[in-house]
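Coordinates in review
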Amino acid sequence: MPQGDYIEEHIKEHGHRLDHFERLRKKEAREPHKKSQIVKRTRGMKAKLLNKQNFVDKVQQRKKIAALSQKKVDRRMEQPLVEGSVPPYLLDRQAASSAKVLSNTIKEKRKEKAGKWEVPLPKVRPVADEETFKVIYTGKRKKKQWKRMVTKVTFVGDGFTRKPPKYERFIRPMGLRFKKAHVTHPELKATFCLDIIGVKKNPQSSLYSSLGVITKGTIIEVNVSEFGLVTNTGKVVWGKYAQVTNNPENDGCINAVLLV
Amino acid sequence: MVTYNLKKIQTVPGAKELIDIVLSKTQRKTPTVIHRHYAISRIRQFYMRKIKFAQQTFHDKLSQILQDFPKVDEIHPFYADLLNVLYDRDHYKLALGQLSKARSLIDNLSKEYLRLLKYGDSLYRCKMLKRAAVGRMCTIVKRLASSFGYLERVRQHMARLPSIDPHMRCLIIAGYPNVGKSSFMNLITRANVDVQPYPFTTKSLYVGHMDYRYLRWQVIDTPGILDKPLEERNTIEMQSITALAHLRATILFFLDPSEHCGFSWEQQIGLFHSLEPLFVEKPLLIVCNKTDLPWQSQVEEQLNALVRQESNHSNSLDKPVLADGWMKMSTLEKTGVVEVRNTACDLLLSQRVESKVKGPRAQSILNRLHVAVPASMTHTSCDDQKEEESQGLCRPFIPESVWKKKQENKTMEEEEKEPSEEDHRKDSQKILEKDLEMAHGGAGVYSSDWNKHYLLRDDSWKYDIMPEIVEGHNILDFIDTDIDERLAALEEEEVAREAMSENDEMEGLDEESQQRLQRIRDKKVLLIRGRSKQRNPIGANKMTKAHPKSSQEWRKQWLEMGMDKERVDMTTKQILSHRSQSREPSKPRSQSRSTSTYRWNQTKAEAGKGFVNHQQKQKALHLARKT
């Protein structure tokens, strides 16, 4: 017991007060009443949060009660039969179901064929040009309206230099340029922050694709050299496609799913 | 000096709690009402403020924690090592590092989202951005949950560490378990350390305070140490090792020669040798406790071997470290306890003073110091003092006459040793007013006689009655203390002046005229006296003039004085004519004033008489007529 534990020291020397445990019991007994008072009094957001918490607690409690009230049964008998399992006396026979293997391969091939053009987000909300492009008034009297500013997230390659103002129709502002995307590998169930190589296709229009505008559903190419994937011929795969699954202009980041 | 406020660290909130605090604070302290049709710049500003506020609050909270916790690299090595032993230095640094990283992440995040918000073109988009920003901040903090938990536990433990000042005068008690370290601690300080008859009762450092030589000392009781290699020592033992290694203090190494503690004498000596590197350059005292129990015989020889002798004082590196002494003590019978304490304290004090004198700071002070030593005084007058002259003492100066008298008194006393004590007392002692009071009935009855202490020219005046008021006049108003002196001075002055004036007038005249002048003066005096008697029989009135006399009187006087008869007649006649003229009715005052200066014998002013000559007169008349 360290030197500063005054409370413990005191209890050790003098013990508890006579009605200590009685008081403790009463305090515990009062607890639900107090809680209900609080629940009654809370309003708004706080009440919502509290109710949610209470609900979770209740569920836990019920589960616990259910677990405790279950009778102790021998669980071994209840285990469900696994498909293809054989009784012990047949274990030594190698009954490889070749038919099954065949059917599996066919299934996979079909899937591959179909899945080549299949993407996680097959449909996207159409985006109007007015939403994407903001008109910039130019000229001495600010009456020319040929210039546009892209208000969506864009990808601009490394070697890009802006054109002279006279010829620059579309401005892609620095603040909205992104270089990285959070890409989820659907099989690994893991997310990586990868470099964007380019915008493959924006489903909205080809103009968007050429400008590098990234909206929900856009197919982008990401650098996966970190994964160390190798093709059948032994080359290192470094570019792979991924589809954007969120609205980057609203979330401030690009989330995508890798197309395997 | 760095102060260690380990007790004042604020509580570290849990991750969830911190998020709740920040979010509700943001909600409370920023505006909450916004509408779609507001100007877009206003909407942007509204959400920017929210993001910035949340970020700032997170930043402040994390900074507070980072600032409160001591940095292992900056504190005293004793505390640094103690933190390492108790909480694992790496874990501690990692936890704080995570916090600081999270803080910078949150700062960057908010910067990024503020930039994006500048391009927000609708309320919905701005709101979504704000939501994302705050959400990401919360996620970052949520990941710190384990660090927060660890830091909170560390904080609670640190607050209960004994507050040891590493720079203070200090005694450290070390030794095997169960040799009586804690009972010694309880005897010399008021620290209430738990004492039990089994080993490892003390599991952490304890600190107590005591006074010695009017100085404050701290005593540190350490857990018992076993003789093991350093790597195998557990946390409890490592605490004592830390204290031994880093604190500059006297080490009291406790031994139990009776082996009552459960460890053999050889084991205990072995521990002493294995701890030797920690004892370098520190005062070390071996204390043999439990003298009330029987000892083995060869113990004392071994102890003497451990103690440094005067001859082999040179402390070279290859030689084993030796103790400064060994002492016996019994905490059960309480014998030798105080001696042990005093010896230990003295050892440390002398060492500290020595190191201070050696240090560079002392030299700079010593250079500025000058201690003045008084030159030896020579007293030739008296014999006794000559002996002390050699000691360089300065005796007070006693004049020769006083010295002689003193000697006489001495001899007198020696002669008169026989007479009874009372007589002696009478002679020597003065009768005080108090004694008188006692003799005449005590306080309240006896009233003391003030008059007898008056200081007057004549002692017989002491009891004279002196009225304060006579005939309604306060006597004090008429008292002039130095009236006699002043009168004497005045008289002197008068005599001197008279002599002077007589001499002056006499000087220029021949003998005959001198006699005449003398006669005139004497006569004058006689006349004055006679006249004053005639006129004012009561007393002489000095202010009355002797001047106006009758013309006959003047005539007689002048003739007596030897004036020519003709001249006397003429002058008398002149006086008479003057008088007749003066009896004429005088002119009105205003007119007389208009003429030139007033003279008592001035003739009557006539018209035209004020002019200098006739021409002036004519001119004036002419002018008058003209106007």
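Residues numbered from 1 in each chain as written. Chains lettered and ligands numbered in written order. Predicted model: local features only at pLDDT ≥ 70, side-chain atom pairs only at ≥ 80, totals over all residues. Heavy atoms only, no water.

1. Some words on the overall build of chain A
The cut-off we apply is this: Where helices and strands are cited, they refer to DSSP runs of H or I of at least four residues and of E of at least two residues respectively, numbered from the N terminus. Summary of the burial criterion: residues with accessible area below 20% of their type's maximum are buried, those above 50% are exposed, and those between are partly exposed, where the area comes from a 1.4 Å probe applied to protein chains only. Areas reported here follow the Shrake-Rupley algorithm with a probe of radius 1.4 Å; residue values treat only the protein chains shown as occluding.
Of regular secondary structure, chain A possesses seven helices and eight strands. Among the 260 residues that make up chain A, the fraction classed as buried is 23%. As displayed, chain A has an accessible area near 20600 Å², and 57% of this comes from carbon and sulfur atoms.

2. Some words on the sheet that holds strand 4 (residues 250-255) of chain B
Residues and elements named next belong to chain B. This is how it is decided: Any two strands with at least two DSSP-identified bridges between them are counted as paired. Angles here are taken between N-to-C directions and fall from 0 to 180 degrees, while the axes themselves are lines fitted to C-alpha atoms, restricted in helices to the stretch in contact. Any pair of residues with heavy atoms lying within 4.5 Å of one another is described as a contacting pair.
The strand order 2-3-1-4-5-6 describes an open sheet built from six strands, whose pairing is mixed. Each edge of the open sheet is held by one strand with a lone partner, namely strand 2 (206-212) and strand 6 (325-328). Strand after strand, the sheet turns through a mean of 25° between neighbouring axes, direction not considered. Relative to strand 4, strand 1 (residues 170-175) runs parallel, the two being bridged by five bridges. Each bridged residue has a counterpart across the sheet, and for Ile173 the counterpart in strand 4 is Leu252. Together, strand 4, strand 5 (284-288) and strand 6 form the strand contacts of helix 10 (residues 299-306), whose direction differs from that of strand 6 by roughly 145°.

3. Things to note about the interface of chain A and chain B
Heads up, the rule is: Buried area, as used here, totals the accessible surface that two parts lose on assembly, with accessibility defined by a 1.4 Å probe and the loss added over both. Throughout this description, the term salt bridge denotes a Lys or Arg side-chain nitrogen within 4 Å of a carboxyl oxygen of Asp or Glu. Any N or O atom pair separated by 3.5 Å or less is treated as a polar contact, with the protein-specific requirement of one donor-capable and one acceptor-capable atom, and with residues adjacent in sequence counted only for side-chain atom pairs. In this classification, Asp, Glu, Lys and Arg are treated as charged, Ala, Val, Leu, Ile, Met, Phe, Trp, Tyr, Cys and Pro as nonpolar, and every other residue, Gly included, as polar.
Each side of the interface is counted separately: chain A has 20 residues, and chain B has 21 residues. Of the roughly 1800 Å² buried between chain A and chain B, counting both surfaces, carbon and sulfur atoms make up 44%. Viewed at the interface, chain B and chain A are joined by one salt bridge. A salt bridge links Asp194 of chain B to Lys12 of chain A; its shortest N-O distance comes to 3.2 Å. Joining chain A to chain B, the criterion identifies five residue pairs in polar contact (both at pLDDT 80 or more). Classifying every residue of the side of chain A that touches chain B by side-chain character gives seven nonpolar, six polar and seven charged.

4. Thoughts on the confidence of the model for chain B
Residues and elements named next belong to chain B. Heads up, the condition is: Each residue carries a pLDDT score, the predictor's confidence in it, ranging from 0 to 100.
Counting all residues, the mean pLDDT for chain B is 82, and 83% of those residues have values of 70 or more. Confidence drops under a pLDDT of 50 for residues 385-390, and excluding neighbours within four residues, the segment shows 12 contacts in the predicted structure. Low pLDDT (under 50) marks residues 590-599, which in the prediction has four contacts with non-local residues, meaning those over four places away or in another chain. This prediction of the complex comes with two scores: 0.63 for pTM and 0.78 for ipTM.

5. Comments concerning the sheet that holds strand 3 (residues 170-171) of chain A
Where strands meet in a sheet, backbone hydrogen bonds hold them as pairs that are either parallel or antiparallel. Strand order in the open sheet formed by three strands is 1-2-3 (chain A), and the pairing between neighbours is mixed. In this open sheet, the two edge strands, each paired with only one partner strand, are strand 1 (133-138) and strand 3 of chain A.

6. Section: the packing of aromatic side chains
In plain terms, the rule: When two rings of Phe, Tyr or Trp (its six-membered ring) have centres within 6.5 Å they constitute a pair, described as stacked for plane angles under 30 degrees, edge-to-face for angles over 60, and tilted for the intermediate range. A ring is scored as having a charge over it whenever the NZ atom of a lysine or the CZ atom of an arginine sits within 6 Å of its centre and within 35 degrees of its normal.
Going through the model one piece at a time under the given rule, you end up with 12 aromatic pairs over all chains. Note on Phe46 of chain B and Tyr47 of chain B: the rings are 4.9 Å apart at their centroids and 90° apart in plane angle, and the pair reads as edge-to-face. With relative accessibility at 8%, the residue Phe46 of chain B sits in the buried group. Connected via pairs of aromatic rings, a cluster forms that spans Phe133, Phe170 and Tyr208 of chain A. Here the guanidinium or amino end of Arg172 of chain A rests over the ring plane of Phe160 of chain A, the centre of that ring lying 4.6 Å away. Here the basic side chain of Arg42 of chain B rests over the ring of Tyr38 of chain B, its NZ or CZ set 3.8 Å away from the ring centre.

7. Topic: unusual backbone geometry
Note on backbone geometry: most residues besides glycine have negative phi, and most peptide bonds are trans. All names here are of chain B. The backbone of Lys290 shows a phi angle near 60°, a positive value even though the residue is not glycine. The backbone phi angle of Lys334 is positive, close to 60°, even though this residue is not glycine. Locating Lys334 in the fold gives a position in the loop between strand 6 and helix 11 (337-358). Residue Lys334 is classed as exposed on the basis of its relative accessible area, which comes to 58%.

8. As for the nonpolar core
What counts, and what does not: To qualify as a nonpolar core, a set must consist of buried Ala, Val, Leu, Ile, Met, Phe, Trp, Tyr and Cys residues joined through side-chain atoms within 4.5 Å. For the domains described, the bounds stem from an automatic or database domain assignment.
Within the largest apolar cluster, 133 residues are counted, with the highest numbers of intra-cluster contacts made by Ile220 of chain A together with Phe69, Phe148 and Met158 of chain B. For this core, the two domains that each supply at least three residues are domain 1 (6-157) and domain 2 (165-361) of chain B. Non-local contacts of Phe148 of chain B, meaning those with residues more than four positions away in its chain, are made with Val12, Pro13, Gly14, Ala15, Leu18, Leu62, Ile65, Leu99 and Val141 of chain B. Core analysis: the second largest hydrophobic core is formed by six residues, Phe170, Tyr208, Leu211 and Val213 of chain A among them.

9. Considering the side chain of Thr154 of chain A
Residue and element names in this part refer to chain A. Looking at the element boundaries, Thr154 is found in the loop between strand 2 (144-150) and strand 3. A relative accessible area of 0% places Thr154 in the buried class. With sequence-adjacent residues up to four places away left out, Thr154 is seen in contact with Arg172, Leu176, Arg177, Phe178, Gly212, Val213 and Ile214.

10. A look at a negative patch on the surface
To be explicit about the condition: Candidate patch residues must exceed 30% relative accessible area and have no salt bridge, after which like charges are joined if within 9 Å and Val, Leu, Ile, Met, Phe, Trp or Tyr side chains if within 5 Å. Neither His nor the chain ends is counted toward charge; the positive residues are Lys and Arg and the negative residues Asp and Glu. The atom standing in for a charge is NZ when the residue is Lys, CZ when it is Arg, CG when it is Asp and CD when it is Glu.
A contiguous patch of negative charge on the surface is contributed by Glu491, Glu492, Glu494 and Glu498 of chain B. You can see Glu494 of chain B is positioned in helix 18 (residues 483-507).

11. Notes on the environment of Lys134 of chain A
All names here are of chain A. As for its position among the elements, Lys134 is in strand 1. For the pair formed by Lys134 and Phe170, sequence separation is 36 residues and the distance between their alpha carbons is 9.6 Å. Excluding anything up to four places from it in sequence, Lys134 contacts Lys147, Arg148, Met149 and Thr151.

12. Some words on the state of the cysteines
When the sulfur atoms of two cysteines share a covalent bond, that bond is a disulfide. Cut-off, in case you're wondering: Note on terminology: disulfide denotes any pair of cysteine sulfur atoms within 2.5 Å.
Considering all chains together, one arrives at zero disulfides over all chains under this definition. Looking at the unpaired Cys193 of chain A, the closest cysteine sulfur is the one in Cys253 of chain A, lying at 9.4 Å.

13. Digging into helix 8 (residues 235-246) of chain B
To keep it simple, the criterion reads: A helix is expected to reach a length of 1.5 Å times the quantity of its residues less one.
End to end, helix 8 of chain B covers 16 Å across 12 residues, agreeing with the expected 16 Å (1.5 Å per residue, within 8%). Tucked inside the fold, the buried residues of helix 8 of chain B contact helix 3 (77-87), strand 1 and strand 4 of chain B.

14. Things to note about the pattern of salt bridges
Oppositely charged side chains are able to pair whenever their charged atoms sit close together. All names here are of chain B. Taken as a whole and assessed by the stated rule, the structure comprises 24 salt bridges over all chains. For Glu433, the salt bridge identified is with Lys452, shortest N-O distance 3.9 Å. Linking Glu433 in helix 16 (residues 433-439) with Lys452 in the loop between helix 16 and strand 7 (469-470), this pair joins segments that are 19 residues apart in sequence. You can call Lys452 partly exposed: its relative accessible area is 31%. Measuring nitrogen to oxygen at the nearest pair gives 3.6 Å for the salt bridge that ties Glu512 to Arg516. Taken as a pair, Glu512 and Arg516 lie in helix 19 (residues 511-535) at a separation of four residues, close to a single helical turn. Take Arg516: its relative accessible area is 36%, and that puts it in the partly exposed class.

15. Looking at the packing of helix 4 (residues 89-117) of chain B against helix 5 (residues 123-142) of chain B
Residues and elements named next belong to chain B. Applied cut-off: Our angle categories are set so that under 35 degrees counts as roughly parallel, over 145 as roughly antiparallel, 65 to 115 as roughly perpendicular, and the remainder as oblique.
The contact between helix 4 and helix 5 brings their axes to 10 Å, and the two run at 175°. Judged by the angle between their axes, helix 4 and helix 5 are roughly antiparallel. Here Ala102, Leu105, Ile106, Leu109, Ser110, Glu112, Tyr113, Leu116 and Leu117 of helix 4 come into contact with helix 5, specifically with Cys126, Leu129, Ala132, Ala133, Arg136, Met137, Ile140 and Val141. Taken together, the residues of the contact of helix 4 with helix 5 break down into 14 nonpolar, one polar and two charged.

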